[in-house]
Every structure is written in structure tokens, then in C-alpha cells.
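Working through the structure, step by step
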Amino acid sequence: MSSNSIVDLARASRLASVAMQSVTDDQKNEALLRIKQVLAERRDEIFKANEEDKKIAEEQVNAGKLSASLFKRLDICNGDKFDTILSGVSDIANLPDPTKKVTYAKKLDEGLELYRITVPVGVLLTIFEARPEVVVNISSLALKSGNAVILKGGKEATKTNAVLAKVIQDALAGLPETNGIPKEAVQIVETREDISALLDLDRYVDMVVPRGSNSLVKHIQNNTRIPVLGHADGICAVYVDKEADINKACRIAVDSKTNYPAACNSAETLLVHEDLLQGTDKFTTVATALLNANVTLKAEENVRSFLLSTVASELHDKIVPAVPEDFDTEFLDHIIAVKSVKDVNEAVAHINEHGSKHTDAIVTENEATADIFTTRVDDAGSYWNASTRFADGFRYGFGAEVGVSTNKTHARGPVGLEGLVIYKYKIRGNGHVAGEFGSGKKQFLHETIAPENYNI
């Protein structure tokens, strides 16, 4: 698009977001259910576009220009993935409206009331790689939370993204005039040049949500004045404590690594208490479970030596030496870096030094040890005896997620509807002026207003 066209698109999104401010929850749900219906009706059109994208992507994989993990994220045709996308729209429609909620109410004086109320952020710019279902997920979350959204997907899914966005726009355009949601509430751009132009338009765009590689997120963070909600890496760790239940440790380590290795909540580091390397086969059991799941262990020398002496010889080729950089690497594959630590405090120190503040897990039967870990690890999600793969908006009950944030302002962890609203203050008065209050004058009441007495 030309620079003028991008400005016009961003302005249209801003106007759509203003219109969305007064839309009711019933109107939002009407729009979402219409989107679901039209997506289902045009399934064949969507699948055709996806097959075209996959054909081109497969050639790139064979030529070594595209990773297998990105190719896997591209497919929405196989299995029940498309039906899951449709169900996700219904799930979001069924969630409570996050806007117009009073979070603070004070009576300042007779006839003078202050309210803090949740409101939409405004215009979201979402940039993502490969996963075309994000078009539907984020559009649904944006609409439910009263926001307009501009989407930019990876070039690997250009045709699929374009068709999905067109279907959503057509669904919105077909709503009754009384609905109030304009089709410009969901828009899509296709080139990097478009994104570069949008990143300068902080007058119209309120928040950027990048979902993708470390390089993508850091590029966005370094090239805009607009607030960025996201995370650069997903270096998650699992710590197996000396008091771990080894059956639980096997299940959690294998699931955290292999359930979906290309995901940002997949484990990339396995820490083990040093006592489990001495006179016991407990860690051997955990390591063997990972090796049998086709995971390569990049182990520090003491751990590697232990495993080579205890693990079946036919598995030795998957036990390789680790280098320091491995503990700062997001492998996104069946590979995990392994290190021993002397106690939970060293595990915490390692994660806080090398982790990405995403999600980390401890396996232990000692509640005090678990409390130290989950309290002191600096991350968005700290789990006790559970897989890191639970770090997901759908699994948290958010319906879907717009992304995962490792920020420490506004929203953190999987970001659902609540992360897409902020708040504003409203005052209702009756000719009140600030000059009437102060020393020797009227004093503020500052009385809490009960919900049943809200006047807003």
C-alpha cells in the first residue's frame, strides 16, 4: 500500500474503534456468531487457499528456506483444527464482556461521584508468523473486548490470511445496520513496508502485539513508540527436585518438551537436583523417557557422563555435549539442554539468569521447596507439578489468547480479554468546582459506593 493508503486504513480503524465503544455485549456476540457461521459456510474456499499456501511452503521446506516447525503451524485443514477454530469463536462469545466494569467507585461529595471503568484499548496492530488461525482468534478477542484490529500475518500464509480476513469482513458487513460494528473493525495488511508505516502511526494505533520469532519481536520493540505487548523468547525450564515423584517428572518433562516443541511454552531447559545423579536411577528414568520420545539431550559434562553410564547404549547417540549458549537457546525442536544444580535456589538463579520470564515448572513433593521456586522465579507463570504447556489462553479459560506477555505492566502471561482493556475515570457532578475544597473549606468524603448504588 502507499503511505496515504496506510494512513487511511489506520484512520478507518480508529473510527471503527470509536464506534465500538458504545456497542453492547449482545451486539458483539451477534457479530461473533455471524462470523462463525460464515467461516463454516466458506470452509472450502478457506481450505483451498490454505492448500495453495502449503504447496508453496512445502517447496520452501525442501529447499531449506522454511523450517518444519513453521510449516506445521501453517496447516488448518488436517484433523479437527478448523472445527476447533470455530468452537473458539463460540467460546469467546460466551465469555463475560470485559468492558464497562466498575473497578473503583468513590463518593467525593454530595452529588459528586468518581468511577473507574474498564474500556477497550482502541486499535490493536497484531503481527504474527505462519499460524493463520490467529486471524480468527485475535479478531474474535478484539471484537469481544470492543477493539478494532489490524492484522499482518507471515508471508507463508498470505492466501489463507487474506481469505479469512475477507470472510470476517463480509460477515461484519452482513450484520443488521442496528448492530453498530463496522467491517473496518477488522483489517489486514500484507507487506513489511505496510508494517513499517503503521509502526509510525501512534496517533491511530494504540498497542502492537507481535507473535513470532525473537528477531520479529525485538525488531518491533526497537522501531516504534507504540506500546508493545509480547515476548521475545520462550525459554522455559523444568526443574526436577530431589524430592520429585519420578513418575510425575517423566510425564511433565516429556509433555513440556514434546507436546508441541514449536510452541513458546515448550520446555527448552531441564534442571536436575545433583542428588539424583548419585546412587539412584531416578534421573535415568526421566532421561530415558525423553530419549524414547526422540528428544536429544544436550547435557553438561557431569550429567552426560552419568547418563552414558546408566542409560541403554542404543540411546547414547542422543546424549550430546552442551555448550554454554544452549542454555540461552529456544530450540523449538526435540532438543533440550540439561544441567544439574545443587538445590532449588541454584535452580531459581539459573532460570532468572537464562530464562525468558515466560513459564517454568518444578517437580517436587515438598511444598516448601515448591513455594520457594514459584515465588522467587521471575516469570509470568510458575507451575508446581504441571507441564509448562498449560501456559495458554484457551487452557486458562480465556477462550483464546491474543499472545503471551512477559511485560510487567498492563498484562502478563497469556493475554485474553482482560489484557485488551484498560480503564478510564468518570466523574458525575452537579456544578462542583475544585476551588471549593481544601484547608478551611469543604473536605472530600471519599466514601466507597456500593455496587447497588452505582449511578453510571
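What you are looking at is a predicted structure, and each value in this text was computed from that prediction instead of being measured. (Residues numbered from 1 in each chain as written. Predicted model: local features only at pLDDT ≥ 70, side-chain atom pairs only at ≥ 80, totals over all residues. Heavy atoms only, no water.)

**Digging into the UniProt feature "domain: Aldehyde dehydrogenase" (unreviewed entry) in the chain**
- The feature "domain: Aldehyde dehydrogenase" (unreviewed entry), as given by UniProt, occupies residues 10-278 in the numbering adopted here.
- Helix makes up 46% of residues 10-278 and strand 18%, and the two end C-alpha atoms of the span are 62 Å apart. (UniProt positions renumbered as here; feature names shortened; annotations may be inferred. Helix = DSSP H or I, 4+ residues; strand = E, 2+ residues; numbered from the N terminus.)

**Side note on the sheet that holds strand β4 (residues 148-152)**
- Taken together, 4 strands build an open sheet; the order of strands is β5-β4-β3-β6 and the sheet is parallel. The strands lining the two open edges of the sheet, one partner per strand, are β5 (186-188) and β6 (207-211). Between one strand axis and the next, the sheet turns through 20 degrees on average, direction left out of account.
- Examined bridge by bridge, β4 and β5 share 3 bridges and lie parallel to one another. Bridge pairing links Ile150 to Gln187 in β5.
- Helix α1 (residues 3-20) contacts β3 (123-128), β4 and β5 of the sheet and is inclined by roughly 145 degrees relative to β4.
- Lying over the sheet, helix α9 (residues 214-222) contacts β3 and β6, oriented at roughly 165 degrees with respect to β6. (Pairing = 2+ DSSP bridges. Axes fitted to C-alpha atoms, helices over the stretch in contact; angles between N-to-C directions. Contact = heavy atoms within 4.5 Å.)

**Looking at the pattern of salt bridges**
- Applying the stated criterion across every chain yields a total of 21 salt bridges.
- Taking the shortest distance from any N to any O, the salt bridge between Asp378 and Arg412 comes out at 3.0 Å. You can see Asp378 sitting in the loop between α14 (367-376) and β13 (381-384) and its partner Arg412 sitting in the loop between β14 (403-405) and β15 (413-415), a full 34 residues away along the chain.
- Given a relative accessible area of 35%, Arg412 falls into the partly exposed group.
- Within this structure, Arg42, Glu45, Lys166 and Asp170 form a network of salt bridges that share partners. (Salt bridge = Lys/Arg side-chain N within 4 Å of Asp/Glu carboxyl O. Buried < 20%, exposed > 50% of the residue type's maximum accessible area, 1.4 Å probe, protein only.)

**A look at the domain arrangement of the chain**
- Splitting the chain by domain gives domain 1 (3-222) and domain 2 (236-396).
- Relative placement of domain 1 and domain 2: their C-alpha centres are 35 Å apart.
- Carbon and sulfur atoms supply 47% of the area that domain 1 and domain 2 bury against each other, a total of about 440 Å² over both sides.
- Of all residues in domain 1, Ser69, Lys72 and Arg73 bury the most surface against domain 2, accounting for 65% of the area lost on that side.
- At the boundary of domain 1 and domain 2, one finds 0 salt bridges.
- Viewed at the interface, domain 2 and domain 1 are joined by 1 residue pair in polar contact (both at pLDDT 80 or more).
- The element that contributes the greatest number of residues to the side of domain 1 that touches domain 2 is helix α4 (residues 68-74), accounting for 3 residues. (Domains from an automatic or database assignment. Buried area = accessible area lost by both parts, 1.4 Å probe. Polar contact = N/O pair within 3.5 Å; in protein donor to acceptor, adjacent residues only side chain to side chain.)

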